[in-house]
Amino acid sequence: MKSYFAVLILAGFLLAQSSGTLPIRGFSPEQFRSEHDLESQAIALTDASHVRVYAKHIASQPHIAGSPQSKAVADYLLGLLKEWGLDAHIEDFESLMPYPTVRTLELVAPSHFTAQLKEPPVPGDPTSGQSNQIPTYNAYSGSGDVTASLVYVNYGVPADYDYLKQHGIDVRGKIVIARYGGGWRGVKPKVAKEHGAAACIIYSDPHEDGYFQGDVYPKGAYRPAQGVQRGSVVDMPLYPGDPLSPGWASEKGARKLSRSEAKSLVDLPVLPISWADAKPLLSALEGPVAPENWRGALPITYHIGPGPAKVHLKLDFDWTTKPLHDVIAVIPGSEFPDEWVVYGNHHDAWVNGASDPVSGAAALLETARALGGMLKKGWKPKRTIVLALWDGEEFGLLGSTEWAEKHAAELDQKLAVYMNSDSNGRGTLQVSGSHGLEQFMAEVARDVHDPDSGKSLLEAMKSRKDAEKGFHLGALGAGSDYVVFIDHLGISSLNLGFGGEGGGGVYHSVYDSFHWYTTFSDGSFAYGRALAQVMTVSLMRMADAPVLPYQFGALARTVRGYVEEIQKQAAKDSKTVDFRNVDAQLSKLEENSRAYEEALSAVESRLPKAQPAELAKLNETLYKTERTLLTEKGLPGRDWYRHELYAPGFYTGYGAKTLPAVREAVDAGRWDEANRETRPLAESLKAFNAQLERATRLLRTRL
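Quick caveat: nothing in here was measured; it's all calculated off a predicted structure.

Draft legend 1. Seen up close, helix H18 (residues 553-571). Helix length check: H18, at 19 residues, gives a terminal C-alpha distance of 27 Å against a target of 27 Å (1.5 Å per residue), a fit within 8%. What H18 keeps buried is the set Ala 554, Leu 555, Ala 556, Thr 558, Val 559, Tyr 562, Val 563, Ile 566 and Ala 570. In the core, the buried residues of H18 are packed alongside helix H13 (438-447), helix H19 (580-603), strand S17 (646-648), strand S18 (656-658), helix H21 (660-667) and helix H22 (671-702).

Draft legend 2. Structural detail: the packing of aromatic side chains. Inspection of the entire model under this criterion finds 26 aromatic pairs. Plain terms: the ring middles of Tyr 211 and Trp 275 are 5.3 Å apart, the flat faces sit at 85° to each other, and that makes the pair edge-to-face. Taken as a pair, Tyr 211 in the loop between helix H7 (206-209) and strand S8 (231-232) and Trp 275 in helix H8 (residues 275-283) lie far apart in primary sequence, 64 residues in all. In this structure Tyr 211 comes out as partly exposed when scored by relative accessible area, which is 35%. Ring plane angle 75° and centroid distance 4.9 Å describe the contact between Trp 640 and Tyr 641, whose orientation is recorded as edge-to-face. With relative accessibility at 5%, the residue Trp 640 sits in the buried group. What makes Tyr 641 buried here is its relative accessible area of 1%. Chaining the aromatic ring pairs together yields one cluster made of Tyr 137, Tyr 140, Phe 317, Trp 319, Trp 350 and Phe 395. Here Lys 190 stacks its cationic end above the ring of Tyr 651, 5.0 Å away from the centre of that ring. The ring of Tyr 641 carries Arg 638 above its face, with NZ or CZ at 5.4 Å from the centroid.

Draft legend 3. Examining the sheet that holds strand S1 (residues 87-96) more closely. Here we have seven strands laid out as an open sheet, ordered S1-S11-S13-S12-S14-S16-S15, and mixed in their pairing. The open sheet has two edge strands, S1 and strand S15 (427-433), and neither has a second partner. Taken over all neighbouring pairs, the strand axes of this sheet differ in orientation by 20° on average, direction set aside. Two elements, S15 and strand S16 (residues 492-500), share seven bridges in a ladder whose sense is antiparallel. Bridging from a neighbouring strand, Gln 430 pairs with Gly 497 of S16. Contacting strand S11 (321-331), strand S12 (336-346), strand S13 (383-390) and strand S14 (415-421), helix H9 (residues 354-376) crosses the sheet at an angle of about 145° to S12. Against the sheet, helix H20 (residues 612-623) makes contact with S12, S13 and S14, and its axis sits at roughly 40° relative to S12, the strand it touches most.

Draft legend 4. Highlighting the sheet that holds strand S2 (residues 100-109). Here we have seven strands laid out as an open sheet, ordered S3-S2-S10-S5-S6-S7-S9, and mixed in their pairing. The open sheet terminates on both sides in strands that have one partner only, identified here as strand S3 (113-114) and strand S9 (270-273). Summarising the sheet, strand S5 (residues 144-152) and strand S6 (residues 175-179) pair through three bridges and their orientation is parallel. Its bridge partner being in S6, Leu 150 is matched across the sheet by Ile 175.

Reading guide: rules and limits
Residues numbered from 1 in each chain as written. Predicted model: local features only at pLDDT ≥ 70, side-chain atom pairs only at ≥ 80, totals over all residues. Heavy atoms only, no water. Helix = DSSP H or I, 4+ residues; strand = E, 2+ residues; numbered from the N terminus. Expected span 1.5 Å × (residues − 1). Buried < 20%, exposed > 50% of the residue type's maximum accessible area, 1.4 Å probe, protein only. Contact = heavy atoms within 4.5 Å. Phe/Tyr/Trp six-rings, centres within 6.5 Å; stacked < 30°, edge-to-face > 60°. Lys NZ or Arg CZ within 6 Å of the ring centre and 35° of its normal. Pairing = 2+ DSSP bridges. Axes fitted to C-alpha atoms, helices over the stretch in contact; angles between N-to-C directions.

Written out as structure tokens, the structure is:
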């Protein structure tokens with residue numbers, strides 16, 4: 001079978017030969033040229049020098065959520081959006097956002113050492129020594145004063161504790177030290193607490209994040225000896241957003257849980273440290289030598305312990321509620337104002353955040369400027385476009401979650417697609433998302449050029465090692481602001497950004513600065529401009545398509561692949577999972593997808609004359625297909641998450657678990673539960689099929 005790349009490019013080439021333009025899903029052949037012309041005008045308005053200006057300004061000062069500097073950034077963003085003629089406002093929320101007040105870490109036996117817990121400035125980086133940087137800490141760590149023996153637990157994920165148990169090593173009452181990597185940071189204290197640990201230290205080992213990978217900053221891109229990765233350890237796989245308002249918006253006067261009622265708070269002291277501070281602690285450990293795959297790149301023998309190293313850790317926080325400032329701009333739709341397309345990127349950072357998130361936020365701003373320019377030229381989107389710059393993402397997706405929970409009923413009725421970006425840098429376009437949008441994104445990538453090679457982004461992707469597999473979207477897990485939209489509200493979502501070239505080891509540190517970014521990442525901001533172009537085309541195309549550009553064959557194929565993965569996993573334990581009802585619905589989905597394609601092809605030429613009311617009815621039916629994949633009861637053990645196909649893993653955090661209710665039961669060896677959870681999955685797919693059949697009937701009878 002020819003690859004998807006080959007088929008797509010060949011089809012585009014043949015059509016281009018005959019009509020002088022490339023096909024765009026959801027548009028009729030006579031509409032292709034005018035849409036391409038509009039998109040070309042918008043692309044021409046984007047300018048890398050503008051992206052650079054925004055990035056330099058926003059990253060000039062630390063701007064952690066809840067701080068006056070974060071509000072200053074929000075005001076700056078608002079001013080730009082209004083300057084470009086957009087209807088923009090700030091929408092305020094609030095959340096529990098603790099800042100550190102006490103941080104002490106010392107080795108008290110067999111020798112004494114006091115950790116610095118500070119990132120020093122580096123030569124040549126003018127912002128690395130600013131006085132208003134937030135200290136190194138893990139947000140939502142518990143307060144505590146603990147003195148106990150130390151145990152090294154590798155990455156601190158469940159498999160590591162299985163190894164410790166097999167070798168008779170008990171962490172109860174101990175302080176565990178884990179290295180970053182192997183899973184999301186918030187999983188490490190959760191698992192430590194489950195095993196009875198008294199506290200958790202997380203350090204950056206140079207094997208993953210330092211000199212083992214390459215030269216360290218400022219000579220190279222990687223984390224220096226005293227660099228520290230800040231970050232939240234709230235239990236986001238339970239629910240994101242304000243820990244005190246799960247499922248409802250956190251505004252002034254709103255109901256709040258007490259801290260003791262908030263299930264996403266792990267009541268365990270947790271502290272991130274540098275490898276310079278970790279080395280004396282690890283060097284003092286004795287006991288068994290760690291297995292080879294537990295060893296990092298420090299010049300020591302890695303022992304597990306416990307002891308004789310004894311550590312004193314004392315932490316406290318202000319535990320206050322602080323403000324959030326979401327910046328929202330709205331471009332009203334001219335024909336379908338009650339159908340929305342939303343594009344968001346967060347604006348808060350742990351410190352200066354030139355890469356995370358400013359590189360993506362600056363691209364969103366340039367997208368906004370380009371769209372504002374098109375409005376001045378007379379273009380009006382048919383659907384409403386909403387641009388959002390979220391606050392509080394770093395603490396736990398706060399601003400996006402609170403906004404979406406507040407507007408949930410309206411979003412359920414109106415929001416067709418949510419598009420997200422975050423950090424951006426040199427490399428290829430990387431896209432994850434709802435698989436009904438796979439062909440849509442392939443066509444966008446076909447029509448935007450790579451800034452280095454001049455080839456299409458689609459062709460540039462072909463150079464990757466997995467090119468023979470064709471263009472496919474990755475599955476969405478967690479880690480950025482799309483979570484509430486897809487996992488809680490059932491809104492088709494995408495996450496986009498460039499990356500993959502060059503090194504990087506300054507994540508969530510003071511060294512994520514404009515100087516670092518322009519030296520070691522996208523120094524020319526060509527890829528910032530490229531992301532703005534991708535998003536501009538995506539928004540214009542999604543807003544203006546007479547028929548929303550969903551294609552459901554990719555979804556059926558992808559879900560069938562997930563089923564096969566789970567069956568192979570079960571077979572390793574000589575088990576099977578009964579997917580017969582699911583398989584039947586997937587076969588039906590394949591049939592319905594073909595029928596939908598035939599019906600769409602039959603009416604394509606009539607789209608320019610279709611009545612807006614009939615198109616609106618069809619499109620609402622299409623974008624509500626994703627809603628049918630929600631389960632009313634929620635996923636087992638975490639009812640905020642409701643999507644049957646995608647979720648962050650309970651013990652992976654950022655990493656996606658596909659068909660999560662079934663897969664995680666299989667992971668845990670709960671075979672009765674795994675078989676039971678195939679039933680709601682099949683019911684969701686049955687509802688999806690019914691919705692798709694309605695869309696096909698509308699194509700056949702109304703257009």
